[in-house]
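# Survey of secondary and tertiary structure
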Amino acid sequence: MLNETVRDLLNQQVNKEFYSAYLYLDFSNYFEAKGLDGFANWYKVQAQEERDHAMLFYQYLHNNSASVKLEAIAKPDVPLESDMGVLKAGLEHELYVTSLINDIYAAAYQVKDFRTMQFLDWFVKEQGEEETNANDLISKMELFGSDPKSLYMLNSELAARVYTAPSLVL
């Protein structure tokens, strides 16, 4: 049985991951409207990843005989005012999600819930990748974003991203 605090944090994370998907879909919308279909694609793929992360938490809760409490998903509240601003908001959001995963891990550690800690190990690694990807996007935009030809190439690179299902198996 899951500790009540750990269970509640895992439940909250389901909602947070769905919010992340909404946020990234909003980012995709922003880039689609700007004609940057590669950036839009990159964030659509990111949204799909976040939906899958939510479902992993959902399934983990069910696998541990815990009920899932689905809450309303908040409307994304990040102002979308510039391409770089969106990318930086993406990094800031990933740092926030990392802090949430760390909080759940700490709660599981405190009650010696090794199964949940093992489950979260995948997310700890995943968040490292997410932060790296967000940082890389910012670096590339800083290097190439002001040159139209380079921006076109970067947009083309991002258009090639395809969705890959998570490697975590429950």
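Scroll up for the structure.
Description of the structure in this document. (Residues numbered from 1 in each chain as written. Predicted model: local features only at pLDDT ≥ 70, side-chain atom pairs only at ≥ 80, totals over all residues. Heavy atoms only, no water.)

## Quick word on the pattern of salt bridges
Summed over the entire model, instances satisfying the criterion amount to six salt bridges. Across the salt bridge formed by lysine 34 and aspartate 83, the nearest N and O atoms sit 3.2 Å from each other. Of this pair, lysine 34 sits in the loop between helix H1 (4–33) and helix H2 (37–63) while aspartate 83 sits in helix H3 (residues 83–110); the two residues are 49 residues apart in sequence, bridging distant segments of the chain. With a relative accessible area of 15%, aspartate 83 lands in the buried category. (Salt bridge = Lys/Arg side-chain N within 4 Å of Asp/Glu carboxyl O. Helix = DSSP H or I, 4+ residues; strand = E, 2+ residues; numbered from the N terminus. Buried < 20%, exposed > 50% of the residue type's maximum accessible area, 1.4 Å probe, protein only.)

## Describing the packing of aromatic side chains
A full pass over the atoms with the stated rule returns 12 aromatic pairs. Centre to centre, the rings of phenylalanine 27 and tyrosine 43 are 5.2 Å apart; their planes meet at 85°, and the pair counts as edge-to-face. You can see phenylalanine 27 sitting in helix H1 and its partner tyrosine 43 sitting in helix H2, a full 16 residues away along the chain. Each of the two residues, phenylalanine 27 as well as tyrosine 43, counts as buried. (Phe/Tyr/Trp six-rings, centres within 6.5 Å; stacked < 30°, edge-to-face > 60°.)

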